[in-house]
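Single-letter residue listing:
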Amino acid sequence: MELFTSYIEVLESTNPQFSRLVEGEIGTELPGLAGSSLYASITFRSYDSATLTTFEKWDRFARTMNAAAPDPTVQMVAQSNLFWNEARATETVDATVMTWVIANLFCFAIILLFTRNILLCLMVVATILLMFFCITGWLFAIFQLPLGPVQALGVSIFIGLSANYSLHVVHAYHRSKSNKRETKVKEAVFITGSPIFASAISTIGGCAFLFGCRTLALVELGILICCVTAMALVYSMGFLLAWLLISGPLPVGTEIDGYQQHRWDICAMGKRRISNKADRSEPENASKSRTEDKSTSPSNQVLDNNGLSGSIESDSELFEL
């Protein structure tokens, strides 16, 4: 072993290219190659793709060699920066998808809490999904941005910004006391149009300064926020209002806590279910009353006959007298 390390040191001192090749490939306890050996790295050239499947093949090969090696031999480990990059990318995608699903579930619960209408909640969630597809196309097809930490962080930002405007629109539509969709949409535009437009302009104007940053992550963050805000403005004031104008829920004529109830309202659906149960119970009660009348009619007939015979007997006695 000492002869081998001495020969390596001689080659490093005489050949700079060899020194660069073996740099970091052999590890010892002391500086240079002095002391006992800690590890030795062997580099293989592979023409396969740098995916996790290829890494699993190399890992199985390393485990096979470790199983066949003697006991004092140092264990072999498969390692490459290409595989770590693939693993990080896979973990980033999985975490992004999980974050997006959890954010959508929380968004659905919060929208349902505020609107208390299942149809309006589904409309907002569908609008968010369409905006997400459009934003994904903008970022990865038009701007050609890679999926990185900024994009993964932007998923939660995207859900918050995109749901904000749509939630205000459907809330104003739901609180309108009109019985026509056209009037309800006009009132929603009158109430939320100017604030939403002003909020979008101020957000885009504030984030536009990020385009002049020298850090690429800040520039990507500015592009993401501006695109999400612009898309949320277009969808909330265009697509969602048109959808409400076509198939928005209408009032059912009942009021609970001072608010007019609409179709697909949770309170209205619960009250309708209770009324349906009451309607089903009324025929049963009527049938029971009819059966009771039938069961009591023979006794009444007997009493009438008895009373009639008594009156006849009394009349005959009077006649005899």
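Here, every reference points to the structure presented above.
A brief structural summary.

Parameters at a glance
- Residues numbered from 1 in each chain as written.
- Predicted model: local features only at pLDDT ≥ 70, side-chain atom pairs only at ≥ 80, totals over all residues.
- Heavy atoms only, no water.
- Axes fitted to C-alpha atoms, helices over the stretch in contact; angles between N-to-C directions.
- Helix = DSSP H or I, 4+ residues; strand = E, 2+ residues; numbered from the N terminus.
- Parallel < 35°, antiparallel > 145°, perpendicular 65-115°, else oblique.
- Nonpolar A, V, L, I, M, F, W, Y, C, P; charged D, E, K, R; others polar.
- Left-handed = near helix turned anticlockwise from the far one by under 90°.
- Contact = heavy atoms within 4.5 Å.
- Salt bridge = Lys/Arg side-chain N within 4 Å of Asp/Glu carboxyl O.
- Buried < 20%, exposed > 50% of the residue type's maximum accessible area, 1.4 Å probe, protein only.

Let's shift gears to the packing of helix α7 (residues 181-207) against helix α8 (residues 216-247). The geometry of a pair of packed helices is captured by two quantities: the angle between their axes and the separation between those axes. Relative to each other, α7 and α8 sit at 175°, their axes nearing to 10 Å. Overall, the two elements α7 and α8 adopt an arrangement that is roughly antiparallel. For the contact of α7 with α8, a count of residues per class yields 16 nonpolar, 6 polar and 2 charged.

Bringing the packing of helix α5 (residues 118-142) against α8 into the picture now. Two numbers describe how α5 lies on α8: the axes approach to 9 Å, and their chain directions differ by 140°. The angle between the axes of α5 and α8 places the two elements in the oblique class. By crossing handedness, the relation of α5 to α8 is classed as right-handed. Of α8, the residues touching α5 (which contributes Leu119, Leu120, Met123, Ala126, Thr127, Leu130, Met131, Cys134, Ile135, Trp138 and Leu139) are Ile223, Leu224, Cys227, Val228, Met231, Ala232, Tyr235, Phe239, Leu240, Trp243, Leu244 and Ser247. Of the residues belonging to the contact of α5 with α8, the class tally is 21 nonpolar, 2 polar and no charged.

Counted under the stated rule, the structure contains 1 salt bridge. Asp59 is the partner of Arg63 in a salt bridge, and the nearest nitrogen-oxygen pair spans 2.1 Å. Within this pair, Arg63 and its partner Asp59 are both found in helix α3 (residues 52-68), separated by 4 residues, close to a single helical turn. Looking at Arg63, the relative accessible area reads 49%, which means it is partly exposed.

The values reported here are purely geometric and, on their own, carry no functional implication.
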